[in-house]
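Secondary and tertiary structure notes
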Amino acid sequence: MLPAFAPRLAFVDVETTGSSPERERVTEVGLVGVDFDDGDLRVTEWSSLINPGVPIPAEIQWLTGITNDMVRNAPAFADLAQDLYDRLDGAVFVAHNARFDYGFLRAEFARAGLNFHAKTLCTVRLSRHLYPDRSPHTLDAIIERFGLGGEQRHRALGDARVLWRLLQTLGERHSPAELE
């Protein structure tokens, strides 16, 4: 049973050129949108590579597999900002270490002239709350713990899909009240 704490959920992952939203840029966004309409469940997926306008460091290319050549002809964030903003509008923003993904998107939206705010659900914090004795709470550990493999790691849409499957799995194991 999935929690009914929001009519819309947006499972989001971003890949970036580094760790600072003020200094670094997004290279890919993945989104799994889940809408609960009168008992019906509608799931949509969206993703895009993004030209960050700066070189992607070699260690980031190695980690994500996203190269400078791959993003060379991709849109700039500003070119898709409104579409992404509309897709996220009114949804609870769900991410693993939500502060990271949310912080990067807020910074990118601000550079594009959009003021982005959303309620967030951090799956790291949720995992720590539900399983305080099951450290670590990294996405890799959670994938292994719950058998959520099958997606390309460190690619935005694959990681967003894992988060959606994680919440479904948690919904089967815990009451809605526990998850809320």
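Refer to the structure above for everything that follows.
Described below are features of the structure shown in this document. (Residues numbered from 1 in each chain as written. Predicted model: local features only at pLDDT ≥ 70, side-chain atom pairs only at ≥ 80, totals over all residues. Heavy atoms only, no water.)

What follows concerns the pairing of strand β4 (residues 92-95). A regular strand places its side chains so that they alternate between the two faces of the sheet. Burial along β4 is two-sided: the residues Val92 and Val94 and Phe93 and Ala95 are all buried. Inspection of the sheet shows strand β1 (residues 8-16) paired to β4 by three bridges, in the parallel sense. Its bridge partner lying in β4, Leu9 is registered against Val92. Strand direction decides the pairing type here: β4 and strand β5 (residues 120-122), joined by three bridges, are parallel. Following the sheet pairing, Phe93 is matched in β5 by Thr120. (Buried < 20%, exposed > 50% of the residue type's maximum accessible area, 1.4 Å probe, protein only. Helix = DSSP H or I, 4+ residues; strand = E, 2+ residues; numbered from the N terminus. Pairing = 2+ DSSP bridges.)

What follows is about the packing of aromatic side chains. Counted under the stated rule, the structure contains ten aromatic pairs. Both rings, one in Phe11 and one in Trp164, keep their centres 5.4 Å apart while their planes meet at 50°; by these two values the pair is tilted. Of this pair, Phe11 sits in strand β1 while Trp164 sits in helix α7 (residues 156-173); the two residues are 153 residues apart in sequence, bridging distant segments of the chain. The exposure class of Phe11 is buried, given its relative accessible area of 0%. (Phe/Tyr/Trp six-rings, centres within 6.5 Å; stacked < 30°, edge-to-face > 60°.)

Further remarks concern the packing of helix α6 (residues 139-146) against α7. Closest axis-to-axis distance for the α6/α7 pair is 11 Å, and the angle between their directions is 50°. For the element pair α6 / α7, the angle class is oblique. For the element pair α6 and α7, the recorded crossing hand is left-handed. In this structure, α6 uses Leu139, Ile142, Ile143 and Phe146 to contact α7, whose residues at the interface are Asp159, Val162, Leu163, Leu166, Thr169, Leu170 and Arg173. Across the contact of α6 with α7, the residue classes break down as eight nonpolar, one polar and two charged. (Axes fitted to C-alpha atoms, helices over the stretch in contact; angles between N-to-C directions. Parallel < 35°, antiparallel > 145°, perpendicular 65-115°, else oblique. Left-handed = near helix turned anticlockwise from the far one by under 90°. Contact = heavy atoms within 4.5 Å. Nonpolar A, V, L, I, M, F, W, Y, C, P; charged D, E, K, R; others polar.)

So, about α6. With six of eight residues buried, α6 lies mostly within the body of the structure. Among all positions in α6, only Leu139, Ala141, Ile142, Ile143, Arg145 and Phe146 are buried. Of the surrounding secondary structure, the elements contacted by the buried residues of α6 are α5 (123-130) and α7. With its phi angle positive at about 65°, Gly147 sits one or two positions after the end of α6.

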